[in-house]
Amino acid sequence: MALYEHVFLARQDMSAQQVDALVEQYKGVLEANGGKVGRVENWGLKSLTYRINKNRKAHYALMDIDAPAAAVHEMERQMRINEDVLRYMTVAVEKHEEGPSAMMQKRDRDDRPRRDGDDRGPRREGGFGDRGPRPDRGPREGGFERRPREDRA
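Residues numbered from 1 in each chain as written. Predicted model: local features only at pLDDT ≥ 70, side-chain atom pairs only at ≥ 80, totals over all residues. Heavy atoms only, no water.

A. Up close: the overall build of the protein. A tally of regular secondary structure across the protein gives two helices and four strands. Secondary structure elements in the protein, listed N-terminal to C-terminal, are β-α-β-β-α-β. Of all intrachain contacts in the protein linking residues separated by at least 6 positions in sequence, the fraction that spans at least 24 positions is 74%. Counting only carbon and sulfur atoms, one obtains 47% of the accessible surface of the protein, whose full area is about 12200 Å². (Helix = DSSP H or I, 4+ residues; strand = E, 2+ residues; numbered from the N terminus. Contact = heavy atoms within 4.5 Å. Areas by Shrake-Rupley, 256 points an atom, 1.4 Å probe, with all protein chains shown as cover.)

B. Up close: the sheet that holds strand S4 (residues 85-93). With antiparallel pairing, four strands are arranged side by side in an open sheet as S2-S3-S1-S4. The open sheet terminates on both sides in strands that have one partner only, identified here as strand S2 (36-52) and S4. Averaged over all adjacent pairs, the angle separating strand axes in this sheet is 20°, with direction ignored. In the sheet, strand S1 (residues 2-11) pairs with strand S3 (residues 55-67) via 10 bridges, with the strands oriented antiparallel. By the bridge assignment, Leu3 is partnered in S3 with Asp66. Taken strand by strand, helix H1 (residues 16-32) contacts S1, S2, S3 and S4, and its axis lies near 130° from that of S2. (Pairing = 2+ DSSP bridges. Axes fitted to C-alpha atoms, helices over the stretch in contact; angles between N-to-C directions.)

C. Here's a closer look at the nonpolar core. In this structure, Phe8, Leu22, Tyr26, Leu30, Met63, Ile65 and Met75 are the most contacted members of the largest nonpolar core, which totals 20 residues. Contributions of two or more residues to this core are made by S1, H1, S3 and helix H2 (69-81). It is H1 that provides the largest number of residues to this core, a total of six residues. Sequence-distant contacts of Met63, defined by excluding residues within four places in its chain, comprise Tyr4, Glu5, His6, Val23, Tyr26, Val37, Arg39, Val40 and Met75. Residues Val7, Leu9, Leu48 and Leu62 belong to the second largest nonpolar core, which totals nine residues. (Core = buried A, V, L, I, M, F, W, Y, C linked by side-chain atoms within 4.5 Å. Buried < 20%, exposed > 50% of the residue type's maximum accessible area, 1.4 Å probe, protein only.)

D. Up close: the environment of Arg56. Mapped onto the elements of the fold, Arg56 is located in strand S3. The spatial distance from the C-alpha of Arg56 to the C-alpha of Lys46 is 8.8 Å, given a sequence separation of 10 residues. With residues near it in sequence (within four places) discarded, Arg56 still touches Gln12, Ser47, Leu48 and Arg51.

E. Broad picture of the pairing of S3. Of all 13 residues in S3, 11 are buried, a share of seventy percent or more. Between S2 and S3, which pair antiparallel and follow one another directly, the connecting turn spans two residues, one of which, Asn53, has a positive phi of 50°.

F. Structural context of the packing of aromatic side chains. Counting across every chain of the model gives two aromatic pairs. Between Phe8 and Tyr26, the aromatic rings sit 6.2 Å apart at their centres with planes inclined by 75°, giving edge-to-face as the arrangement. Note that Phe8 is positioned in strand S1 and Tyr26 in helix H1, a separation of 18 residues in sequence. Of the two residues, Phe8 and Tyr26, neither departs from the other in class, the shared state being buried. (Phe/Tyr/Trp six-rings, centres within 6.5 Å; stacked < 30°, edge-to-face > 60°.)

G. Structural context of the pattern of salt bridges. With the rule as written, the count across this model stands at seven salt bridges. A salt bridge links Arg39 to Glu41; its shortest N-O distance comes to 3.6 Å. Each member of the pair Arg39 and Glu41 is classed as buried. Linking Asp64 and Arg39 is a salt bridge whose minimum nitrogen-to-oxygen distance equals 3.0 Å. Of this pair, Asp64 sits in strand S3 while Arg39 sits in strand S2, and the two are 25 residues apart along the sequence. Owing to a relative accessible area of 3%, Asp64 belongs among the buried residues under this scheme. Arg39 sits in the buried class, given a relative accessible area of 18%. Taken together, the shared-partner salt bridges in this structure form one network comprising Arg11, Asp13 and Asp84. (Salt bridge = Lys/Arg side-chain N within 4 Å of Asp/Glu carboxyl O.)

Okay, structure coming up:
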């Protein structure tokens, strides 16, 4: 049997219990077709980058699957029919990761660069840049020189 990681997005107006029921439903489909589901992670309600079917947020769920391809195809077929599932993606993997996924790991806020100016280095002198004065370049392209207009002097 092949190993897969499967992520799906469920509608935002569903409760967490309804999302768990969806996971159990698809877990049953896989087990009925000779597969096993390992780790299941519920990533919670997250904002979408763009709207999908008028939804701005979605419940994300991850499943580690050890199943034949036919079982995965049947689960995906049922997800296409279900109106509560907005998107899904199944990826074949060599082996399943141990421990929590990258989405579930607690990010340490001290690892990110600070925005108060300490990590940016010294400030430049002289305003907007350190290029200095522009050298005289002579006439501009097109043969026009930049000089003040006589009617405004």
